[in-house]
Amino acid sequence: MPPAAKRVPWRWLVAGRAPRRLVLVVVFVALLLDNMLLTVVVPIVPTFLYTTEYEGTNSSVAPAQTEPASPALKAPPFSSMFSYFDNSTVTVSGSMIAVDLANGTESSHLPQPLASSPPLPSGCPEGKEFLAKENIRVGLLFASKALVQLVINPSVGLLTNRIGYHIPMFIGFIIMFLSTVMFAFSGTYTLLFIARALQGIGSSFSSVAGLGMLASVYTDDFERGNAMGIALGGLALGVLIGAPFGSVMYAFVGKSSPFLVLAFLALLDGALQLCILQPSKISPESTKGTPVFTLLRDPYILVAAGALCFSNMGVAMLEPTLPIWMMQTMCSPKWQLGMAFLPASISYLIGTNLFGILANKMGRWLCSLIGMAVVGISLLCVPLAKNIYGLIGPNSGLGFAIGMVDSSMMPIMGYLVDLRHTSVYGNVYAIADVAFCMGFAIGPSTGGAIVRAIGFPWLMIIIGVINIAYAPLCWYLRNPPAKEEKIAILSQECPMQTKSYTTQKTLRDFPLTDDSDVEAENAE
């Protein structure tokens, strides 16, 4: 084969680095894997901790109530277990049974341990006090990712301003891969907690660098809104696949299986980044970005960040508490714990792609206002469900409404920086990711404690009312004012104003003479 033919695929990749669509593909895949790992643990962790800690402890203390029950029924009345001791007490599978050999009453005592502990309804777990305490532990484990991400995000925003977006994006892939492998082989609460926190570091690099890269590549506001909608579709698809995929794989294959599949997909994502982004190349921003603290003092950015935070806090509170509430009230099997989030995931996928285009036409502020109101109403309806089918309506409305808010607010963050600050996007999307993380940090950590104190229904009422009360603030994003220096820059770049200025000069000197140009210059 000639050397030129061998270089054809490589030339195609080099030529393919420039198009914006390939950058969008990389960001889409990164957000997809990040959010698959985010939600795949939702149905696994509560049942895994219950199985390993509660059932494991009780089976070691009183094994006669679990496995020895069936052999005891199958054993004949005078089996070799009731050996020829001359005392009146024998040991059967670790439990002491009083036997009167003289009267021959061994067989009458055998069924008594089974009759004293009648079985619970099918699928209902024991240990309600353990489940109540587990709300807090699972909530803290889920919140650890967001808490770490909350701390790391500002540093990543500064790093992207100095070295560009490509290297932080690849660092995020490496950390995400390590976290996924650690999840697969963790058998204790402590190791799961560390893996979740490690995921927060990788997610911070991937999300801040990815969204900032998109904003810098798509400079037109309408195109940026469409691109953000598609990228958030990757986030939605990860949420969509994660929880059902995790629950089915855990129930029928094992705990490690979903994480090993995600680790393999993460390797493919790393290969994609190596081919397209050239992560060894340092490409700092040409202009210095607005400092984070300056952006945090902008009230319009704070309103947009608050909408992201509170709308996502609702689903963040559901993640640790809804599976345990379903175990307690609906006696749901393992596979249903993840399937309960399927309607929310599908509707979120539809909402982000649909309103990525429609929000620009109907007004992003109005789209966000309606979305937050629907989030609140949907959360109020969740406790009314009596079975998994009753959760379809509220969860569908919740996912669709959060899709409306996310697909509207992410482009608004970039637009506000263009309008009121320097058009460098690392810091503003670090703030957007901090808003996400505050929702996913405060939600699970406080949700478990609130459920234990006043119950799951009151938790949904509290966060639902907060979303409805916050919705009117989105009205302030209807027509945000530009800074004075940005108005001057925009007026210089606007061709319409230049045309009107030249027209005024020609009208003043009409009819034209030979000296009209000189007089016009002297007048200026």
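Only a predicted model underlies this, so the values are computations on that prediction, with no experimental measurement involved. (Residues numbered from 1 in each chain as written. Predicted model: local features only at pLDDT ≥ 70, side-chain atom pairs only at ≥ 80, totals over all residues. Heavy atoms only, no water.)

Another point: the overall build of the chain. Helix and strand counts for the chain stand at 23 helices and two strands. Taking all 524 residues of the chain together, the buried fraction comes to 49%. Sequence separation of at least 24 residues holds for 85% of the intrachain contacts in the chain that already meet a minimum separation of 6. Accessible surface for the chain amounts to roughly 24,500 Å². Of this, 67% is attributable to carbon and sulfur atoms. (Helix = DSSP H or I, 4+ residues; strand = E, 2+ residues; numbered from the N terminus. Buried < 20%, exposed > 50% of the residue type's maximum accessible area, 1.4 Å probe, protein only. Contact = heavy atoms within 4.5 Å. Areas by Shrake-Rupley, 256 points an atom, 1.4 Å probe, with all protein chains shown as cover.)

What follows is about the packing of helix 9 (residues 166-185) against helix 12 (residues 256-276). Between helix 9 and helix 12, whose axes approach to 8 Å, the crossing angle comes to 165°. Between helix 9 and helix 12, the crossing angle belongs to the class labelled roughly antiparallel. The interaxial crossing formed by helix 9 with helix 12 has left-handed handedness. Counted together, Met169, Phe170, Phe173, Phe177, Thr180, Val181, Phe183, Ala184 and Phe185 of helix 9 and Ser256, Phe259, Leu260, Leu262, Ala263, Ala266, Leu267, Asp269, Gly270, Gln273 and Leu274 of helix 12 form the full contact between these two elements. Looking at the contact of helix 9 with helix 12 residue by residue, the class counts come to 15 nonpolar, four polar and one charged. (Axes fitted to C-alpha atoms, helices over the stretch in contact; angles between N-to-C directions. Parallel < 35°, antiparallel > 145°, perpendicular 65-115°, else oblique. Left-handed = near helix turned anticlockwise from the far one by under 90°. Nonpolar A, V, L, I, M, F, W, Y, C, P; charged D, E, K, R; others polar.)

Once that is clear, we can look at the packing of aromatic side chains. Using the criterion set out here, one finds seven aromatic pairs in the structure. A centroid spacing of 5.2 Å and a plane angle of 10° characterise the contact between Phe183 and Phe259, whose relative ring orientation is stacked. Taken together, the positions of Phe183 in helix 9 and Phe259 in helix 12 put the pair 76 residues apart, joining distant regions of the chain. Phe259 shares its class with Phe183; the two are buried. Positioned above the aromatic ring of Tyr189, the side-chain terminus of Arg137 is 4.3 Å from the ring centre. (Phe/Tyr/Trp six-rings, centres within 6.5 Å; stacked < 30°, edge-to-face > 60°. Lys NZ or Arg CZ within 6 Å of the ring centre and 35° of its normal.)

On to the pattern of salt bridges. With the rule as written, the count across this model stands at one salt bridge. The closest approach of N and O atoms between Arg420 and Asp298, which form a salt bridge, is 2.8 Å. Of this pair, Arg420 sits in helix 18 (residues 392-420) while Asp298 sits in the loop between helix 13 (292-296) and helix 14 (299-329), and the two are 122 residues apart along the sequence. What makes Arg420 buried here is its relative accessible area of 8%. Of the residues examined, Asp298 reaches a relative accessible area of 2% and is grouped as buried. (Salt bridge = Lys/Arg side-chain N within 4 Å of Asp/Glu carboxyl O.)

Take Ser368: it is sitting in helix 17 (residues 364-381). Beyond its immediate stretch of four places on either side in the chain, Ser368 contacts Val405, Ser408, Met409 and Cys474.

If you check helix 17, its first and last C-alpha atoms are 26 Å apart, about what 18 residues at 1.5 Å a residue would give, namely 26 Å. Here helix 17 has its buried residues at Arg364, Trp365, Cys367, Ser368, Gly371, Met372, Val375, Gly376, Ser378 and Leu379. Down the axis, helix 17 shows its buried residues gathered within 165° of arc, on one side only. (Expected span 1.5 Å × (residues − 1). Arc of directions from axis to C-beta.)

Quick look at helix 19 (residues 426-454) now. Along its 29 residues, helix 19 runs 41 Å from first to last C-alpha, staying within 8% of the 42 Å computed at 1.5 Å per residue. Of the residues trailing helix 19, Gly455 is marked for its positive phi of about 105°.

Okay, the state of the cysteines next. Among covalent bonds in proteins, the disulfide is the one between the sulfur atoms of two cysteines. Under the counting rule described, the total for this entry stands at zero disulfides. Considering cysteine sulfurs only, Cys367 is the nearest to Cys474, which forms no disulfide, with 9.7 Å between them. Residue classification places Cys474 among the buried residues on the basis of a relative accessible area of 0%. (Disulfide = S-S within 2.5 Å.)

Attention now goes to the nonpolar core. Ranked by size, the top nonpolar core spans 107 residues in total, and within it Leu322 and Tyr429 carry the most contacts. Top contributing element to this core by residue count: helix 14, with 17 residues. With residues near it in sequence (within four places) discarded, Tyr429 still touches Val208, Leu211, Gly212, Ala215, Arg224, Met228, Met410, Pro411, Met413 and Gly414. One finds Val156, Phe205, Val208 and Ala430 within the second-largest nonpolar core, a separate group that totals five residues. (Core = buried A, V, L, I, M, F, W, Y, C linked by side-chain atoms within 4.5 Å.)

Any functional reading would require information beyond the geometric quantities listed.
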